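The residues making up each chain are set out below.
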Amino acid sequence: MFPLLFKLSDKKLLFIGGGNVAKRKLLSILNQSSPEVTIISKELHPDIKKLLSSNKITWINSNFKEELLKEKYYFAFICTDDKELNRKAALILKKLGTPVNICDNKELSDFFMPAVISQDDITISVSTKGKSPAFAKQLKEVISKTLKGLK
Ligand SMILES: C[C@@]1(CC(=O)O)C2=NC(=C\c3[nH]c(c(CCC(=O)O)c3CC(=O)O)Cc3[nH]c(c(CC(=O)O)c3CCC(=O)O)/C=C3\N/C(=C\2)[C@@H](CCC(=O)O)[C@]3(C)CC(=O)O)/[C@H]1CCC(=O)O
Ligand SMILES: NC(=O)c1ccc[n+]([C@@H]2O[C@H](COP(=O)([O-])OP(=O)(O)OC[C@H]3O[C@@H](n4cnc5c(N)ncnc54)[C@H](O)[C@@H]3O)[C@@H](O)[C@H]2O)c1
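Predicted, not measured: the structure shown is a model, and the values here were computed from it. (Residues numbered from 1 in each chain as written. Chains lettered and ligands numbered in written order. Predicted model: local features only at pLDDT ≥ 70, side-chain atom pairs only at ≥ 80, totals over all residues. Heavy atoms only, no water.)

**So, the site of ligand 2**
Going by this rule: Consider each residue's heavy atoms; a residue with any of them within 4 Å of a molecule or strand counts as near. We define a polar contact as two N or O atoms separated by no more than 3.5 Å, with the added condition that, inside protein, one atom must be a possible hydrogen donor and the other a possible acceptor, whereas residues neighbouring each other in sequence contribute only through side-chain atom pairs. Calculation of accessible area relied on Shrake-Rupley with a 1.4 Å probe; when residues are assessed, cover is drawn exclusively from the protein chains displayed. Helix and strand definitions follow DSSP, with helices as H or I runs of at least four residues and strands as E runs of at least two, each counted in order from the N terminus. Polar here means any residue outside two lists: the nonpolar Ala, Val, Leu, Ile, Met, Phe, Trp, Tyr, Cys and Pro, and the charged Asp, Glu, Lys and Arg; Gly therefore counts as polar.
In the vicinity of ligand 2, 17 residues are found, and the nearest of them are Gly-18, Val-21, Arg-24, Phe-64 and Cys-103. In this structure, an oxygen atom belonging to ligand 2 sits 3.0 Å away from a main-chain N or O atom of Gly-18. In this structure, Cys-103 approaches ligand 2 through a main-chain N or O atom, which is 3.2 Å from a nitrogen atom. Alone, ligand 2 offers 870 Å² of accessible surface; in the complex the protein occludes 70% of this. Broken down by element, the residue count for the shell around ligand 2 peaks at three residues, all from helix H1 (residues 20–30). Residue composition of the shell around ligand 2, grouped by class: five nonpolar, seven polar and five charged.

**Concerning the domain arrangement of the chain**
The cut-off we apply is this: Domain borders in the structure are assigned automatically or taken from a domain database.
Segmentation of the chain into domains returns domain 1 (12–102) and domain 2 (115–150). Inter-centroid distance (C-alpha atoms) of domain 1 to domain 2 is 25 Å.

**Comments concerning the nonpolar core**
Heads up, the rule is: Only buried residues count toward a nonpolar core, which is a set of Ala, Val, Leu, Ile, Met, Phe, Trp, Tyr and Cys residues joined through side-chain atoms within 4.5 Å. Note on exposure labels: buried denotes an accessible area under 20% of the residue type's maximum, exposed denotes more than 50%, and partly exposed covers the range between, all computed with a 1.4 Å probe on protein chains only. The contact definition used throughout considers only heavy atoms, calling two residues in contact when any of these lie within 4.5 Å.
Phe-15, Leu-26, Ile-39, Ile-57 and Phe-77 are the most contacted members of the largest nonpolar core, which has 17 residues in total. Put simply, the parts of the chain that give this core at least two residues each are strand E1 (12–16), H1, strand E2 (36–40) and strand E4 (75–78). Tallying contributions element by element places H1 first for this core, with four residues. Residues within four places of Ile-39 in sequence aside, it is in contact with Phe-15, Gly-17, Gly-18, Leu-26, Leu-44, Ile-48, Ile-57, Thr-58, Trp-59 and Ile-60. Listed in part, the 15 residues of the second largest apolar core include Ile-16, Tyr-73, Leu-93 and Val-100.

**A closer look at the sheet that holds E2**
Convention followed: At least two bridges found by DSSP between two strands is the condition for calling them paired. Axis definition: a line fitted to C-alpha atoms, over the contacting stretch in the case of helices. Angles run 0 to 180 degrees between N-to-C directions.
The strand order E3-E2-E1-E4-E5 describes an open sheet built from five strands, whose pairing is parallel. Since the sheet does not close on itself, it has two edges, and those belong to strand E3 (57–60) and strand E5 (100–102), each with one partner. Taking the axes of each pair of neighbouring strands and ignoring which way they run, one obtains an average angle of 15° across the sheet. In the sheet, E2 pairs with E3 via four bridges, with the strands oriented parallel. By the bridge assignment for E3, Ile-39 is matched with Trp-59.

**Considerations on helix H3 (residues 83–95)**
Quick reminder of the rule: To estimate the expected span of a helix, count its residues, drop one, and scale the result by 1.5 Å. Throughout, the arc means that of the directions going from the helix axis to the C-beta atoms.
Taking 1.5 Å as the rise per residue, H3 with 13 residues should run 18 Å; its terminal C-alpha atoms sit 19 Å apart, in good agreement. Those residues of H3 not exposed but buried are Asn-86, Ala-89, Ala-90 and Leu-93. The buried side chains of H3 occupy one side of the element, clustering within an arc of 105° when seen end-on. As for H3, its buried residues are in contact with E1, E4 and E5. N-capping of H3 is provided by Asp-82, with a side-chain oxygen placed 3.2 Å from the backbone N of Glu-84. Remark: Gly-97 follows H3 within two positions and exhibits a positive phi of approximately 90°.

What follows is the structure in structure tokens.
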């Protein structure tokens, strides 16, 4: 796996599922950039609902169906709690040429979300190649403190 920095502002991103995991990933992305986001989900986390008026976020209040994919997405984040649905949706999006990140399927994912430290012009991302996301988070906190101490 190779880390890259993507310019996501104004890119079309798709989220399938709008629960805790979607919220975490979305907030992490919105912290760094300003993409156009479409969320397909029957339910939406209250913290995401709060963003609907102030951000470029469209909520499609429905379970996932292939017919809902009317646009080409730059990246898709598949985060429902239905493992089989996640797999099926990922295969559809991959066929359409969209790279996917799946919350419960490392093997099928085209990319992972790292833990991100961003201070001024410095960006550091931490990954454990998917082995231990909790450790990535811990390491992020240690690096963040060290970086602050250097200033
Ligand atoms: C870094 C971070 C970024 C983010 O997502 O924002 C991130 N996970 C975070 C937190 C976190 N995730 C989990 C816990 C609960 C504790 C635990 O079990 O460890 C916590 C801790 C918490 O929530 O506090 C559980 C979990 N995670 C994955 C699975 C499925 C699996 O392993 O198959 C399961 C089990 C699900 C289950 O079955 O229950 C999978 C992935 N999680 C990744 C990223 C990718 C690999 C990153 C890497 O290479 O290290 C990858 C592969 C895919 C992806 O999601 O991109 C973010 C820290 C944010 C921050 O603080 O900065
Ligand atoms: N990648 C990670 O970091 C990580 C961390 C914890 C858990 N997980 C995995 O992620 C899954 C989701 O966790 P969560 O805490 O976000 O769950 P959650 O219950 O908070 O959210 C699930 C979301 O999926 C939506 N959904 C369910 N079926 C759907 C369908 N057919 N079409 C569209 N949307 C649908 C629901 O409406 C809800 O918004 C867990 O089952 C677990 O396997 C991954």
